[in-house]
Amino acid sequence: MKPPILIIIMATIMTGTMIVMLSSHWLLIWIGFEMNMLAIIPILMKKYNPRAMEASTKYFLTQATASMLLMMGVTINLLYSGQWVISKISNPIASIMMTTALTMKLGLSPFHFWVPEVTQGITLMSGMILLTWQKIAPMSILYQISPSINTNLLMLMALTSVLVGGWGGLNQTQLRKIMAYSSIAHMGWMAAIITYSPTMMILNLTLYILMTLSTFMLFMLNSSTTTLSLSHMWNKFPLITSMILILMLSLGGLPPLSGFIPKWMIIQELTKNNMIIIPTLMAITALLNLYFYLRLTYSTALTMFPSTNNMKMKWQFEYTKKATLLPPLIITSTMLLPLTPMLSVLD
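Remember, it's a predicted structure, so these values are computed and weren't measured experimentally.

## Observations concerning the UniProt feature "domain: NADH:quinone oxidoreductase/Mrp antiporter transmembrane" (unreviewed entry) in the protein
- If you check UniProt for "domain: NADH:quinone oxidoreductase/Mrp antiporter transmembrane" (unreviewed entry), the listed places come out as residues 23-287 in our numbering.
- Within residues 23-287, the helical portion is 75% and the strand portion 0%, while the C-alpha atoms at the span's ends are 39 Å from each other.

In structure tokens, the structure reads:
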């Protein structure tokens, strides 16, 4: 793709998301979603092959269905309240339809089937945009309508998402699918807290985006798409393999790392609201996620791949890929735990 075209498309994606985030009028929000959806499709098909074509079609059909449901919910709300303002959702059916549409856009269970399929069919770069930037717009709307969301419905979706996100990734060797299932699980944690503490959801989303960006950038350095290609990295980038190890543990939510902050605070917030069983179940199912992250770290950093070269040193050509912003991303993805008191004040 030529640079000017790429710049225009990326600008349209960003403008679409910005329109969604800054609007208080349902029609403008819907237009923002449509702009964003139509502009991301050329990005998904950047490296043209049948897999990418299939992935883009699946993405388009899912997002178009969700947009249609959203518009239906908005129309029902308009009939009952007579206004387009986002803050006023007077009808419970309209609220349920809007929530369903937005969770479909995010890929929460039971509308999660498209996420692994689409992520697997596209390049690492497109996958990174799909699993980070594309989550911002629907989340911002859920944040704005959080007072009128049906809590029971969202809690059920959140629990099943955390379960599906853990269960689905167990048997995977493809890194993009693993990241997709990880995304479903993280979205489940965010959905669980949104009706109780929307600010906490924003904190979780920010940390999730930072960790996912760092992980994808490390994968892109070596163009790794499978566990096998990741296990070749120790011979070439020994330091980066240890970075992947730490990042995976952070994504799994282990204590001294940044990924522990959202899990800790969400469990704390839910127990404050007299919920014991749901956070316990979520913490238990988070162990499934931790298992497949640990499996990746094991194959990457804890085993030496049987190699023919006896000199354990770099033998490929010198590497020229630029790792833009990687150091600050890795630091924020792993070392933010001491800032927890400051972050809890934000809530």
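Back to the text.
## Focus on the pattern of salt bridges
- All chains considered together, the criterion is met by three salt bridges.
- For the salt bridge of K58 with E54, the shortest nitrogen-to-oxygen distance reads 2.8 Å. Highlighted residues: K58 and E54, both in helix α3 (residues 50-81), separated by four residues, approximately one helical turn.
- Judged by its relative accessible area of 28%, K58 is partly exposed.
- Here E54 falls in the partly exposed class, since its relative accessible area comes to 40%.
- For E117, the salt bridge goes to K58, with nearest N and O atoms at 3.4 Å. On the criterion of sequence distance, the pair formed by E117 in helix α5 (residues 114-121) and K58 in helix α3 is long-range, its members being 59 residues apart.
- Classification of E117 by relative accessible area gives partly exposed; the value is 34%.

## Re the packing of aromatic side chains
- According to the stated counting rule, one finds four aromatic pairs in the structure shown.
- Ring geometry for Y59 against W114: centres 5.5 Å apart, planes inclined by 65°, an arrangement best described as edge-to-face. Residue Y59 is found in helix α3, and its partner W114 is found in helix α5; the two are separated by 55 residues along the sequence. With respect to class, Y59 is no different from W114; both count as buried.
- When the ring centre of W189 is taken as reference, the NZ or CZ atom of K263 above it lies at 5.2 Å.

## Describing helix α6 (residues 124-131)
- Burial analysis of α6 places seven of its eight residues in the buried class, the great majority of the element.
- Of the positions making up α6, those classed as buried are L124, S126, G127, M128, I129, L130 and L131.
- On its buried side, α6 packs onto α1 (3-22), α2 (26-44), α3, α5, α9 (175-193) and α10 (198-221).

Parameters at a glance
- Residues numbered from 1 in each chain as written.
- Predicted model: local features only at pLDDT ≥ 70, side-chain atom pairs only at ≥ 80, totals over all residues.
- Heavy atoms only, no water.
- UniProt positions renumbered as here; feature names shortened; annotations may be inferred.
- Helix = DSSP H or I, 4+ residues; strand = E, 2+ residues; numbered from the N terminus.
- Salt bridge = Lys/Arg side-chain N within 4 Å of Asp/Glu carboxyl O.
- Buried < 20%, exposed > 50% of the residue type's maximum accessible area, 1.4 Å probe, protein only.
- Phe/Tyr/Trp six-rings, centres within 6.5 Å; stacked < 30°, edge-to-face > 60°.
- Lys NZ or Arg CZ within 6 Å of the ring centre and 35° of its normal.
- Contact = heavy atoms within 4.5 Å.

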